[in-house]
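Secondary and tertiary structure notes
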Amino acid sequence: MRRRTALLAVSTAVALALTGCASQDSTSAAAEDGTTTVTLALDWTPNTNHTGIYVAQRKGWFKDAGIDLKVVPYGTTAPETLIANHKADFGISYQEGITTARAAGQDIKSVYAVTQKTNVTVSVRADRDDIKSPKDLDGKTYAGFGAPYEKALLQKVIQADGGKGDFKQITLSTSAYAALYAGKADFAMPMPTWEGLEAKETGKPLKDFALADYGVPAIYSTLIASSGQYLKNNPEIAKKFLAAVNRGYEYAADHPDQAADLLIAANKSTLTNTELVKESERLLAKEYYRAKDGTIGTQSAERWQAFADFDFRSGLLTDENGRKLTEAPDASEFFTDDYLPAATK
């Protein structure tokens, strides 16, 4: 459901080659009908992480705000790369990716938290009686996405349970649960709001170990990001865009079935398993969209710093020259809530 590949620094030459799919500079362009064109790069094919965006689009809330939203399909170039090189105005991202990019000096900043709860677990086949807790994963094989943070995160989980944190790794070429049931690997890190549900639906249920139970800081698994340059040049457009987005996710949180129908209607050829989409949307609405205080879209400095500290201690953060950081970065600049509707009142 989600791209979780490693985020790499991009050379200027490559950045300049990114044309034809997104905006060409950091100032939104006015269309002939008076609306302002805003581009949003997806991180994967349309799915329930994107529901609020499609709800707002189908309901006409972007148009009402004077915005002509252009959704950029996911391709070979990561949204973080498009944003940081000012080829997309906004994009779907995740906390691990933004932390890595910001540490390396890239121009990207989170502006909206789609999910408030960590949307990934360590999972094994439900019938693996030999794996009762993470310490039993020592010596086993992990099927992952190839991102550098995965090993450090899993070592933390296993060691917190009393294990050594030694395991083998392979890269997924299929869904996590399919790899586990095919015997290609012993454990993986799927999203409970999609693959976990799909696994159960297909008769291949999973047993999950929550990261938070083993010392891993809370993660904003799905975010909307922009660049500092775009936000500086287009503050009012950014506020209008996020107001429409927020309205979409509030609708999804309050009316999950109707929101799922709107998402499906916008992506009929992609989202063919309608019951899975609705089940996923219900779970997101129940447990993931709203923070503990009931807000939607908001982020906290404490959570951002905790994860940056975790990445630093794990040796995962490098500067723009590829050298490991010698001190933890200040994560207060990695995100902003200044463009959310509540911040504009």
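Presented here is a report on the structure given in the accompanying data block. (Residues numbered from 1 in each chain as written. Predicted model: local features only at pLDDT ≥ 70, side-chain atom pairs only at ≥ 80, totals over all residues. Heavy atoms only, no water.)

1. Overview of the environment of alanine 179
Structurally, alanine 179 can be placed in helix H7 (residues 176–181). Each C-alpha atom, one on alanine 179 and one on tyrosine 142, is 9.8 Å from the other, the two residues being 37 residues apart in sequence. With sequence-adjacent residues up to four places away left out, alanine 179 is seen in contact with Ala143, Leu172, Thr174, Lys184 and Ala185. (Helix = DSSP H or I, 4+ residues; strand = E, 2+ residues; numbered from the N terminus. Contact = heavy atoms within 4.5 Å.)

2. Structural notes on unusual backbone geometry
The backbone of histidine 86 sits at a positive phi, close to 60 degrees, despite the residue not being glycine. With respect to the helices and strands, histidine 86 occurs in the loop between helix H4 (79–84) and strand S4 (90–93). Residue class for histidine 86 comes out buried when judged on its relative accessible area of 17%. (Buried < 20%, exposed > 50% of the residue type's maximum accessible area, 1.4 Å probe, protein only.)

3. Examining helix H2 (residues 51–58)
A large share of H2 lies buried, amounting to six of its eight residues. When we look at burial in H2, the residues that qualify are Thr51, Gly52, Ile53, Tyr54, Val55 and Ala56.

4. Observations regarding the nonpolar core
Counting residues in hydrophobic clusters, the biggest one holds 47 residues, and the most contacted among them are Phe62, Phe90, Tyr112, Ile224 and Phe241. Per element, the largest residue contribution to this core is ten residues, and it comes from helix H10 (residues 235–254). With sequence-adjacent residues up to four places away left out, phenylalanine 90 is seen in contact with Val38, Thr39, Leu40, Ala41, Ile83, Val111, Ile224, Ala225, Ser226, Tyr230, Ala238 and Phe241. Core analysis: the next-biggest nonpolar cluster, separate from the first, contains 23 residues, Tyr149, Leu154, Phe209 and Tyr214 among them. (Core = buried A, V, L, I, M, F, W, Y, C linked by side-chain atoms within 4.5 Å.)

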